[in-house]
Amino acid sequence: MIEIGSPLTGWVTALDEVPDPVFAERMLGDGLAVDPVEGRLIAPGNGIVSSLHAAGHAITITLDAGPVLLIHIGLDTVALHGEGFAPVVKEGDRVGLGQTLIEFDLDVLARSARSLVTPVIVTNGDAFRLSSAAIPGPIDCGSGLFTLEATGAAAAAVSLDQPVVSRSLKLLLAHGLHARPAARLAKRAGEFDAQVQIVAEDGRVAPARSPVTILGLGLGHGSEVTIKAAGPQAAEAVDALVELLESGMGELKPLAKADSSPSRTKGLSGELKGIVAVPGMAIGPAWQLRQVDIAVREEGRGIAKEREALTAGRGRLEQSLTAEAQQEHGGAIAAAHLAMVADPVLSDVAERQIMLGKSAAFAWRQAIAQFAAPLRRSNDPRFAERLDDLLDLERRLLAELDGEAEPPPLPPAGAVLLAETLYPSQLKALAEADIAGIATVAGGATSHAAIIAAGLGLPMLVGLGEGLFEITDGTPLVVRGDTLVIASDPAALDQAREEATKRQARKTAAEARAHDLAVTSDGTRIEVFANLGAVAEATLAVKQGAEGCGLLRTEFLFLDRDAPPSEEEQRLAYQQVVDALGSRPLIVRTLDIGADKPAPWLPLDPEDNPALGLRGIRLQLAQTELLETQLRALLGVASGGPLKIMLPMVTGLNEVRETKAILDRLSNEMGVVAPDLGIMVETPAAALLAAILAREVAFFSIGTNDLSQYALARDRTNRAVADGLDPLDPAVLRLIDATVLGAAEHGRVTGVCGGMAAVAEAVPFLIGLGVTELSVPASAVAETKAAIRNLDIARCREVAGYALEAPDAVAVRNLVVPLLEQMA
Ligand code: PEP
Ligand code: MG
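Residues numbered from 1 in each chain as written. Chains lettered and ligands numbered in written order. Predicted model: local features only at pLDDT ≥ 70, side-chain atom pairs only at ≥ 80, totals over all residues. Heavy atoms only, no water.

## So, the site of ligand 1
In step 1: Taken together, 14 residues form the shell around ligand 1, and within it Arg553, Arg589, Gly703, Asn705 and Arg716 come nearest.
In step 2: Take glutamate 682: an N or O atom from its side chain is 3.1 Å from an oxygen atom of ligand 1.
In step 3: Here an oxygen atom of ligand 1 sits 3.1 Å away from a polar atom, N or O, in the main chain of threonine 704.
In step 4: Protein burial of ligand 1: of its 290 Å² of free accessible surface, 98% is covered by the chains.
In step 5: Looking at the shell around ligand 1, the elements with two or more residues in it are β29 (549-553) and α21 (704-712).
In step 6: Counting residues per element, the shell around ligand 1 draws most heavily on α21, which supplies three residues.
In step 7: In terms of residue class, the shell around ligand 1 is built from three nonpolar, four polar and seven charged. (Near = heavy atom within 4 Å. Polar contact = N/O pair within 3.5 Å; in protein donor to acceptor, adjacent residues only side chain to side chain. Areas by Shrake-Rupley, 256 points an atom, 1.4 Å probe, with all protein chains shown as cover. Helix = DSSP H or I, 4+ residues; strand = E, 2+ residues; numbered from the N terminus. Nonpolar A, V, L, I, M, F, W, Y, C, P; charged D, E, K, R; others polar.)

As structure tokens, this is what we get:
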């Protein structure tokens with residue numbers, strides 16, 4: 001039971017007596033009204049001021065115990081435009097029972113307002129209902145006005161009168177509780193018959209079913225968070241949410257890392273330092289984007305009309321977002337946007353505004369503003385990114401409601417677009433003007449806009465700071481690395497142009513021959529494949545010249561969801577990749593989850609050293625139903641296409657034999673021929689045992705990302721040590737050499753599918769050591785082929801031989817300089 005204190009001294013009146021159907025018919029929710037005799041409104045409990053009307057006559061308090069109360073002083077008092085009201089709190093303030101919220105002048109109100117009667121409304125009536133109410137008559141402020149009780153499964157908050165289960169933890173999500181994890185948390189919370197709250201360290205509370213409110217808590221990596229629940233399944237709910245948070249939801253980052261985030265400080269004069277969101281070089285005149293504020297009419301045209309307009313506008317936006325969620329770039333974030341648009345708390349706030357006579361557009365803007373405020377206050381760049389997403393949703397829905405206003409002015413072709421921040425949907429429109437690059441004051445490297453820019457191949461720098469505003473239109477600019485150079489010196493500009501011309505010429509020449517085979521100058525053929533991480537990437541890879549897929553990371557089917565995909569869902573996805581690749585080879589890696597790639601649906605005990613723990617093939621052999629389902633799905637398509645299966649994280653023969661036995665059994669049962677089985681060489685053990693493993697497997701592909709981490713004992717997810725991970729270290733090269741030699745003893749071929757395969761200076765060593773297939777990101781296929789064509793295998797063997805004797809990676813790099821100069 002939650003007791004609500006009277007916010008006023010006055011006379012208790014039933015809502016039915018309030019001469020306004022909005023309140024009397026409980027359109028905003030149930031409650032009571034008080035006719036004040038003193039001009040002071042106090043907090044009816046402990047909580048947060050979640051909204052305060054600009055006119056100072058209405059305030060919403062989200063109580064710690066869950067109820068959200070709207071207190072509306074007088075009727076039609078909005079028309080006073082603040083006259084007679086003196087709020088002493090502001091939005092976002094934490095308030096305690098009895099604290100003064102608003103002072104108001106009874107005389108002014110008595111003269112100007114239709115009535116002074118003040119409804120106190122419970123706006124989240126789906127979660128709380130009135131269980132008792134003060135009888136009409138006099139009441140002192142702070143005395144019990146009514147009591148509330150949570151309504152059970154539908155309740156979004158915790159009644160502290162029930163036994164409460166709670167657990168606290170520190171957030172291990174690398175980017176805190178941003179939109180995607182918040183949406184997942186809310187979805188999981190909805191599966192239990194419990195009222196669950198997420199409580200921040202400073203006491204702010206969000207109902208666990210409201211992703212937008214959770215987002216509003218602005219909880220960054222390392223924040224202390226408490227999950228509180230009450231109700232029949234409270235303990236299960238708390239355990240499930242803690243487990244989900246501890247899994248990291250694919251974004252696990254241990255605590256106590258050195259912060260090596262790039263400097264955002266202003267650089268030397270003529271330069272601004274930022275964060276690389278999309279790498280590349282761009283040169284062009286500056287063009288400042290001036291955000292045009294969308295004007296919004298405040299007064300509504302009737303509750304029904306505005307409500308209908310909001311529903312229709314939201315429906316159209318949801319349709320667009322659903323379509324975008326299917327797209328290759330930014331699909332996951334569009335899906336998170338969808339969850340945000342559908343957020344019940346966001347809708348509630350908008351609905352309340354409409355009920356107060358506001359237009360749909362005004363209501364939506366107010367609702368977004370309420371949740372944007374805490375994100376604005378957050379210092380965490382990830383929350384700044386999510387603020388952009390929220391503001392983009394605001395603009396998009398306003399455009400749906402009122403129709404696009406003036407089309408925005410377009411930059412001249414070739415310009416470097418400068419903006420305070422850039423919303424994803426805006427970027428799509430602006431990019432049509434054929435701009436050269438983008439630089440923004442704020443924003444983050446993983447924002448939705450950055451993902452779209454990457455898809456369009458537009459170099460982008462973010463977080464350059466307000467110095468960007470000082471750059472006038474037309475100023476010559478160069479985007480290079482993490483720096484925006486104001487190229488007022490013509491010589492510097494010429495030099496940059498020369499460099500860019502060379503780069504572009506190399507790229508264009510490479511693209512012109514993207515579909516030719518990669519053959520070294522002496523006639524040695526090297527296959528160049530693409531690494532794929534989504535069905536949609538396959539078509540693109542073929543267009544970019546990939547001869548096949550050397551690594552299909554099947555995790556895309558398994559992460560970011562609440563249950564693993566069925567055999568049929570998997571089969572269809574693999575079939576789609578086979579179809580998109582035509583007759584080209586496809587190497588499918590079985591599921592590589594665990595360690596830095598946790599799946600929320602898979603409860604794994606926390607591990608002290610997850611990189612050395614239950615991951616890759618170890619995990620699949622520990623949970624064979626996962627492996628069997630995936631193998632059956634692959635066997636379902638195998639007969640139709642040139643598909644091979646590859647196992648991740650192999651360390652010994654037993655793992656291969658055990659998997660092979662399962663594959664043989666399943667192929668017999670299904671009456672199909674088992675495809676070739678190969679392994680990834682990602683551990684020093686597999687490299688050193690290559691000759692033994694080669695008896696059992698058909699091919700090897702070296703995962704240099706993991707091989708380097710294990711060889712050099714540097715956790716690739718730990719920023720404090722990952723910078724020192726260099727696959728050109730002679731220790732890694734020796735393991736590659738051992739693999740190729742071991743494989744060759746039994747006539748097996750070795751490819752490389754780790755990131756090293758796409759590094760131009762590494763290619764001579766790899767092919768010099770005998771690697772015959774390189775699998776790289778699709779965007780790197782053409783340039784990797786071009787790099788190979790410039791090489792002579794005898795020369796590569798020679799430098800590779802020296803590299804194996806080199807003392808360190810620097811010495812290895814020096815060996816390749818003359819070769820690269822020849823290629824330039
Ligand atoms: C690798 O380890 O090099 C590799 C290709 O696998 P992943 O990066 O997916 O772990
Ligand atoms: Mg790997």
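Resuming the write-up.
## A closer look at the pattern of salt bridges
In step 1: Under the counting rule described, the total for this entry stands at 32 salt bridges.
In step 2: Here arginine 94 ties to aspartate 64 by a salt bridge, and the two come within 2.9 Å at their closest N and O atoms. On the criterion of sequence distance, the pair formed by arginine 94 in strand β9 (residues 94-95) and aspartate 64 in the loop between β6 (58-63) and β7 (68-72) is long-range, its members being 30 residues apart.
In step 3: Assessed through its relative accessible area of 34%, arginine 94 is described here as partly exposed. (Salt bridge = Lys/Arg side-chain N within 4 Å of Asp/Glu carboxyl O. Buried < 20%, exposed > 50% of the residue type's maximum accessible area, 1.4 Å probe, protein only.)

## Description of the pairing of strand β26 (residues 483-486)
In step 1: In terms of strand pairing, strand β19 (residues 271-273) meets β26 through three bridges, oriented antiparallel. Pairing of lysine 273 across the sheet is with threonine 483, part of β26.
In step 2: Two elements, strand β25 (residues 476-480) and β26, share four bridges in a ladder whose sense is antiparallel. Looking at β26, one finds that valine 479 is bridged to leucine 484.
In step 3: The antiparallel pairing of β25 with β26 creates a hairpin that spans two residues between the two strands, and glycine 481 there sits at a positive phi of about 55°. (Pairing = 2+ DSSP bridges.)

## Let's talk about empty space enclosed by the protein
In step 1: Under the criterion given, the structure shown has three cavities of 30 Å³ or more.
In step 2: Approximately 60 Å³ is the volume found for the largest cavity.
In step 3: What lines the largest cavity is a set of 12 residues, among which Arg553, Arg589, Glu682, Asn705 and Arg716 lie closest to the centre.
In step 4: Among the elements of the structure, β29 and α21 are those that each provide at least two residues to the lining of the largest cavity.
In step 5: When grouped by side-chain class, the residues that make up the lining of the largest cavity number three nonpolar, three polar and six charged. (1 Å grid on protein atoms, 1.4 Å probe; cavity = no way out; pocket = protein on both sides within 12 Å on 5 of 7 lines; lining within 4 Å. Points joined across faces, edges and corners; volume = space filled by probe spheres on them.)

## Concerning the packing of helix α17 (residues 624-638) against helix α18 (residues 653-670)
In step 1: The geometry of α17 relative to α18 is characterised by a closest axis approach of 10 Å and an angle of 50° between their N-to-C directions. As summarised for this structure, α17 and α18 are arranged oblique, according to the angle between their axes. Crossing angle aside, the handedness with which α17 passes α18 is right-handed. Together, Thr624, Leu627, Glu628, Leu631, Arg632, Leu635 and Gly636 of α17 and Thr659, Ile662, Leu663, Arg665, Leu666, Ser667 and Met670 of α18 make up the contact between the two elements.
In step 2: For the contact of α17 with α18, the per-class residue count stands at seven nonpolar, four polar and three charged. (Axes fitted to C-alpha atoms, helices over the stretch in contact; angles between N-to-C directions. Parallel < 35°, antiparallel > 145°, perpendicular 65-115°, else oblique. Left-handed = near helix turned anticlockwise from the far one by under 90°. Contact = heavy atoms within 4.5 Å.)

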